[in-house]
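Fold and contact review
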Amino acid sequence: MTPLAAVDGLVLVAVAVVAALVLGVIVLGRSQRGGHSGFLEWDPVARTAWRHDQESVDVEEMLALHNGERRRRGLDALTMEEYLEQVRRGTTGR
């Protein structure tokens, strides 16, 4: 057996292992039917709705923190509309 024949066999084994791994990943991916579009962000409508929900929760948390600070200073709490207007004008810290 020549060294060239040994290298050819090694290359064939390596190619076969890589092909088997690729085929295995493809088969595994095809067998896992389900809602992977959210994970892969292929559904922009659902992603936008989720982001909007998160932002509304964030604004509510910011308002609660802001009102807590206002109460500590002896001021009245703001409504969501008043707070959003102050944020829009950039006067929340004054």
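Please read these numbers as outputs of a predicted model, since none were measured by experiment. Position numbers for residues start from 1 in each chain and track the written sequence from start to end. Note on the predicted model: pLDDT of at least 70 is required for a residue's local features to be given, and 80 or more for side-chain atom pairs to be given and counted; whole-chain, interface and lining totals, by contrast, use all residues. Only hydrogens and water are set aside when side-chain values are computed; all heavy atoms of the structure are taken into account.

A word on the overall build of the protein chain
- Looking only at helices and strands, one finds four helices and zero strands in the protein chain.
- A run of H or I in DSSP becomes a helix once it reaches four residues, and a run of E becomes a strand once it reaches two; helices and strands are each numbered from the N terminus. Starting at the N terminus and walking to the C terminus, you meet the elements of the protein chain as α-α-α-α.
- Only the protein chains shown count as covering a residue, and every accessible area follows the Shrake-Rupley method with a 1.4 Å probe. Accessible area for the protein chain stands at about 8000 Å²; split by element, carbon and sulfur atoms hold 64% of it.

What about the confidence of the model for the protein chain?
- The predictor's confidence in any single residue is recorded as pLDDT, a number from 0 to 100. Confidence in the prediction of the protein chain, expressed as mean pLDDT, is 79, and 73% of residues score 70 or more.
- Across the protein chain, element-level confidence peaks in helix H4 (residues 80-89) with a mean pLDDT of 84 and bottoms out in helix H2 (residues 37-40) with 56.

Some thoughts on a negative patch on the surface
- The patches reported here contain residues having more than 30% relative accessible area and no salt bridge. Joining distances are 9 Å for like charges and 5 Å for nonpolar side chains (Val, Leu, Ile, Met, Phe, Trp, Tyr). We define a salt bridge as a contact between a side-chain nitrogen of Lys or Arg and a carboxyl oxygen of Asp or Glu at a distance within 4 Å. Charged-residue counts in this description rest on Lys and Arg as positive and Asp and Glu as negative, His and the chain ends being excluded. By convention, the point assigned to a charge is CZ for Arg, NZ for Lys, CD for Glu and CG for Asp. On the surface, a cluster of negative charge is contributed by Glu55, Asp58, Glu60 and Glu61.
- In this fold, Glu60 is placed in helix H3 (residues 44-72).
- A relative accessible area of 47% means that Glu60 is categorised as partly exposed. For every residue, the accessible area (1.4 Å probe, protein chains only) is compared with the maximum for its type, and the residue is labelled buried under 20%, exposed over 50%, or partly exposed between those bounds.

A closer look at the pattern of salt bridges
- With the rule as written, the count across this model stands at three salt bridges.
- For Arg88, the salt bridge is made with Glu85, and the minimal N-O distance between the two is 2.5 Å. A residue pair is termed a helical-turn pair when its members lie 3 or 4 positions apart in one helix, as Arg88 and Glu85 do in helix H4 at three residues.
- A relative accessible area of 31% places Glu85 in the partly exposed class.
- Residues participating in the shared-partner salt-bridge network are Glu85, Arg88 and Arg89.

Concerning a nonpolar patch on the surface
- On the surface, Val13, Val17 and Leu21 cluster together into a nonpolar patch covering about 280 Å² of accessible area.
- For Leu21, the position within the fold is in helix H1 (residues 3-31).
- Assessed through its relative accessible area of 58%, Leu21 is described here as exposed.

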